[in-house]
Number of protein chains: 2
Amino acid sequence: MQVFQQIDEARNWVRQQRAAGHRTALVPTMGALHQGHLSLVELGRQRCEKTIATIFVNPTQFGPGEDFEQYPRLPEEDLQLLRQVGTDAVFLPDAAAMYPTGFSTAVSPPDVAGDLEGRLRPGHFSGVATVVLKLFQILPATHAVFGRKDYQQLLVIAAMVRDLNVDIEIIDAPIVREADGLALSSRNRYLSQDERQSAKRLSAALQACCDAFADGNRDADDLQSIMHAVLTESGKSHPPVDSIDYAVVRGADDLRVLNTVTADAVALIAAKVGSTRLIDNRVIGNTH
Amino acid sequence: MQVFQQIDEARNWVRQQRAAGHRTALVPTMGALHQGHLSLVELGRQRCEKTIATIFVNPTQFGPGEDFEQYPRLPEEDLQLLRQVGTDAVFLPDAAAMYPTGFSTAVSPPDVAGDLEGRLRPGHFSGVATVVLKLFQILPATHAVFGRKDYQQLLVIAAMVRDLNVDIEIIDAPIVREADGLALSSRNRYLSQDERQSAKRLSAALQACCDAFADGNRDADDLQSIMHAVLTESGKSHPPVDSIDYAVVRGADDLRVLNTVTADAVALIAAKVGSTRLIDNRVIGNTH
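Residues numbered from 1 in each chain as written. Chains lettered and ligands numbered in written order. Predicted model: local features only at pLDDT ≥ 70, side-chain atom pairs only at ≥ 80, totals over all residues. Heavy atoms only, no water.

*Asks:* Hey, could you run me through the interface of chain B and chain A in this one?
*Replies:* Across the boundary between the two partners, chain B contributes 26 residues, which contact 26 residues of chain A. Buried surface at the junction of chain B and chain A, summed over both partners, amounts to about 2,200 Å²; 45% is from carbon and sulfur atoms. Considering only the surface of chain B that becomes buried against chain A, Thr-105, Leu-164 and Asn-165 of chain B emerge as the three largest contributors, covering 27% of it. Taken together, the connections running from chain B to chain A amount to four salt bridges. Between Arg-15 of chain B and Asp-167 of chain A there is a salt bridge, with the nearest N and O atoms lying 2.6 Å from each other. Viewed at the interface, chain A and chain B are joined by 19 residue pairs in polar contact (both at pLDDT 80 or more). Listed by contribution, the elements that provide at least two residues to the side of chain B that touches chain A are α1 (7-19), β5 (106-108), α6 (124-138) and α7 (151-163) of chain B. Looking at the side of chain B that touches chain A element by element, the count peaks at five residues for α6 of chain B. (Contact = heavy atoms within 4.5 Å. Buried area = accessible area lost by both parts, 1.4 Å probe. Salt bridge = Lys/Arg side-chain N within 4 Å of Asp/Glu carboxyl O. Polar contact = N/O pair within 3.5 Å; in protein donor to acceptor, adjacent residues only side chain to side chain. Helix = DSSP H or I, 4+ residues; strand = E, 2+ residues; numbered from the N terminus.)

*Asks:* What is the right way to read the sheet that holds strand β4 (residues 89-91) of chain A from this model?
*Replies:* All names here are of chain A. Sheet architecture is open: six strands sit in the order β1-β4-β3-β2-β6-β7, paired in parallel fashion. With one partner strand each, in any of the chains shown, β1 (2-4) and β7 (169-173) form the two edges of the open sheet. On average, each strand axis in the sheet is tilted by 25° relative to the strand beside it, whichever way the strands run. Where strand β2 (residues 24-29) meets strand β3 (residues 50-55), six bridges bridge the pair, whose relative direction is parallel. When the sheet's bridge partners are listed, Val-27 is paired in β3 with Ala-53. (Pairing = 2+ DSSP bridges. Axes fitted to C-alpha atoms, helices over the stretch in contact; angles between N-to-C directions.)

*Asks:* What is the right way to look at the nonpolar core in this model?
*Replies:* Here is a general trend for soluble globular proteins: nonpolar side chains tend to be buried in one another's company. In this structure, Phe-91 and Phe-136 of chain A together with Phe-91 and Phe-136 of chain B are the most contacted members of the largest nonpolar core, which totals 98 residues. Once you skip the residues sitting within four places of it in the chain, Phe-136 of chain B turns out to touch Leu-26, Ala-144, Phe-146, Ile-157, Met-160, Val-161, Val-166, Ile-168 and Ile-170 of chain B. (Core = buried A, V, L, I, M, F, W, Y, C linked by side-chain atoms within 4.5 Å. Buried < 20%, exposed > 50% of the residue type's maximum accessible area, 1.4 Å probe, protein only.)

Structure, rendered in structure tokens:
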């Protein structure tokens, strides 16, 4: 496995793969890798001859008071995991290379970035879109793999690629979950044992929403109330979540507000358990 | 000469040139071509094996009340001129292909876009940066040629390319002038015969600034006053300009405000003659 820290070296490697006729999958990550990330690499390897992962904790997508400083950084463990799953190359730039003195261009993200995470985390999607566009320019891969766990991010990147005519195919990958439903996240490391129990409520709320939909409930307010109830009800063996940023049912393609829910919908939750902010989602009528 | 209206056709042509090992120069234009544009193609041909020009009057870089509707559109004449100078291919997209329904991503341009044209034409450089980035993605050329006539635009594009790691080399091309000094511009077509005489004052003011610099004057205020005087003084055979947007001496690399002028400076003017807004510039101590 090749490991590159310099932009030019990484770019030349990707160029060589393309020149040799290899489809090449880019898997951008912020490190602290778990099985969810590794599934992205595996999907890249299924679709492409070569796979390059990136590890970069991007400062511009964290807001003031968010967890940039404490975000887990485990490069040795990450490289070991990437090696084990057959990643061909890894790009680990430092922040000074990505954002040299004078850096001042940004991507103003598409409309789908405006609500939910975009509203609660001002500047987040501009930071994401900008760094992803930079990675697409540095590493001219044929494909890029993003997880559905960050559902809105996936829509933002797909819209940016379409709007800016970036010559890359986006592959979206299913959420990987623990046996009890908890979506894998690098931030799960922050959870205490008790918090870990409470965190199950996110996937349970999504399940309850899907169950109600399967039972014929098509009213968005009803479905959202059901999710809120699961997140907050007391009397379980574990405490409720500490706060809910949103628990909504939206259009699956564009996150538009729905009154009546069609099959083309997604339930999305952001909630805090202790001081850890978790997100999860599920396409309604689907099993991911 | 190949002429493409479809994005995919034009992209495939550029890809084929690169795959064949040809350096390929992109020359973005808004059409209404004059010798200045043709000099960009010629410079592209000197530096690269293949040259592709684009003709697209980009709506998003025009503000309300600007001349988008009346901007000259002369595709047949343009194609004839491009053929004559040996352009290999031309891309003429329509606005619906460049900005399909739902388009909503933009480039927030770098700091150098903030003053002068950026201040007077809000949104202009975002429109420019966005369409140029789209063209860079559609047409993955090795080089792109831009004229120094749009001096601030050149700096904006160079900074965007650097900040976003776009894999293209920017070539800057000298201003082409009429015998009497008037910088060539598609907007010169708007000028009446009398206005055409007044328009000479822009290059005359830049010349006066350079002469004063050559005589040892290093005071930015003095040099700016000299330019204002040439633009506005009465008693010539032709009337003064009708209004001055700016006539300034700035840092050549970043347009920073200077008090004392070093050799690393540029004089820039924007002024209206009748209803036509003209710009011109000259690097001080240089002969372009």
